[in-house]
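# Structure assessment
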Amino acid sequence: ELYVMGARRMILMTWGGILQPDIKAGDIVICNQAIRDDGTSHHYLPPEKYIRADAQLSERLAQAIRARGASCTIGTTWTTDAPYRETLDEVKQYQAEGVKTVEMESAGLFTIGQIRGIQTASIVIGMDSLAAYRWQVPERLDVIMRSLEIVYAACVDVLGESS
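Structure report, in brief. Computed from a predicted structure; not experimentally measured.

A tally of regular secondary structure across the chain gives four helices and six strands. Each helix (α) and strand (β) of the chain, taken in turn from the N terminus, gives the series β-β-β-α-β-α-β-α-β-α. Over its C-alpha atoms the chain spans a radius of gyration of 15 Å, differing by no more than 12% from the 15 Å that the globule rule assigns to 163 residues. In terms of its C-alpha atoms, the chain occupies a principal-axis envelope of roughly 45 × 40 × 25 Å. Across the 163 residues in the chain, those meeting the buried criterion constitute 47%. Element-wise, carbon and sulfur atoms account for 52% of the exposed surface of the chain, whose accessible area totals about 8800 Å². When the 16 basic and 21 acidic side-chain charges of the chain are each reduced to a single mean position, those positions are 4 Å apart.

In structure tokens:
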């Protein structure tokens with residue numbers, strides 16, 4: 001619907017599960033690609049393991065976040081539309097592959113971007129963690145909220161730029 005209304009760039013801003021032990025709650029991850037373990041993307045494109053974000057938009061977001069004094073990393077996310085259904089074997093496999101986060105929307109957004117020819121990017125704020133092979137919730141939300149504020153402002157800046 002946003003595409004039909006004229007959007008030519010879309011950014012997903014969400015929080016998600018952490019898969020790597022060096023990522024902490026509140027850390028900002030810009031997703032350069034998503035593992036397609038969702039239902040949506042397979043309705044639009046032939047099966048493949050990954051779908052990529054727009055590299056230029058992702059890099060511009062990284063610059064905008066860093067300009068606001070925050071750090072961020074760039075890496076792969078695992079998109080699954082079955083919340084809290086990650087298995088230990090999957091977590092271990094994706095962790096070994098270096099996958100940084102798990103969430104529910106990036107692969108679908110990147111797919112729509114690819115088929116409609118629009119720039120898409122995804123930013124995941126670390127929330128709960130599976131990095132130690134058990135579910136751990138964050139002790140505090142203030143660092144997560146601060147990261148969401150920074151990311152929101154960076155997204156507004158980038159989306160407000162002329163193409």
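So that's the structure; there's more coming.
Now for the layout of surface pockets. In this model, the largest pocket occupies a volume close to 380 Å³. Ranked by residues supplied to the lining of the largest pocket, first place goes to strand β1 (residues 9-18) with four residues. Looking at the lining of the largest pocket residue by residue, the classes come out as eleven nonpolar, four polar and four charged. The computed volume of the second largest pocket comes to approximately 220 Å³. Lining the second largest pocket are 14 residues, with I18, K24, A25, S129 and Q136 sitting closest to its centre.

Each value, and the rule that gives it
- Residues numbered from 1 in each chain as written.
- Predicted model: local features only at pLDDT ≥ 70, side-chain atom pairs only at ≥ 80, totals over all residues.
- Heavy atoms only, no water.
- Helix = DSSP H or I, 4+ residues; strand = E, 2+ residues; numbered from the N terminus.
- Rg over C-alpha atoms; globule rule 2.2 N^0.38 Å.
- Buried < 20%, exposed > 50% of the residue type's maximum accessible area, 1.4 Å probe, protein only.
- Areas by Shrake-Rupley, 256 points an atom, 1.4 Å probe, with all protein chains shown as cover.
- Lys, Arg positive; Asp, Glu negative; His and termini not counted.
- Charge placed at Lys NZ, Arg CZ, Asp CG, Glu CD.
- 1 Å grid on protein atoms, 1.4 Å probe; cavity = no way out; pocket = protein on both sides within 12 Å on 5 of 7 lines; lining within 4 Å.
- Points joined across faces, edges and corners; volume = space filled by probe spheres on them.
- Nonpolar A, V, L, I, M, F, W, Y, C, P; charged D, E, K, R; others polar.

These results come straight from atomic positions and should not be treated as a statement about function.
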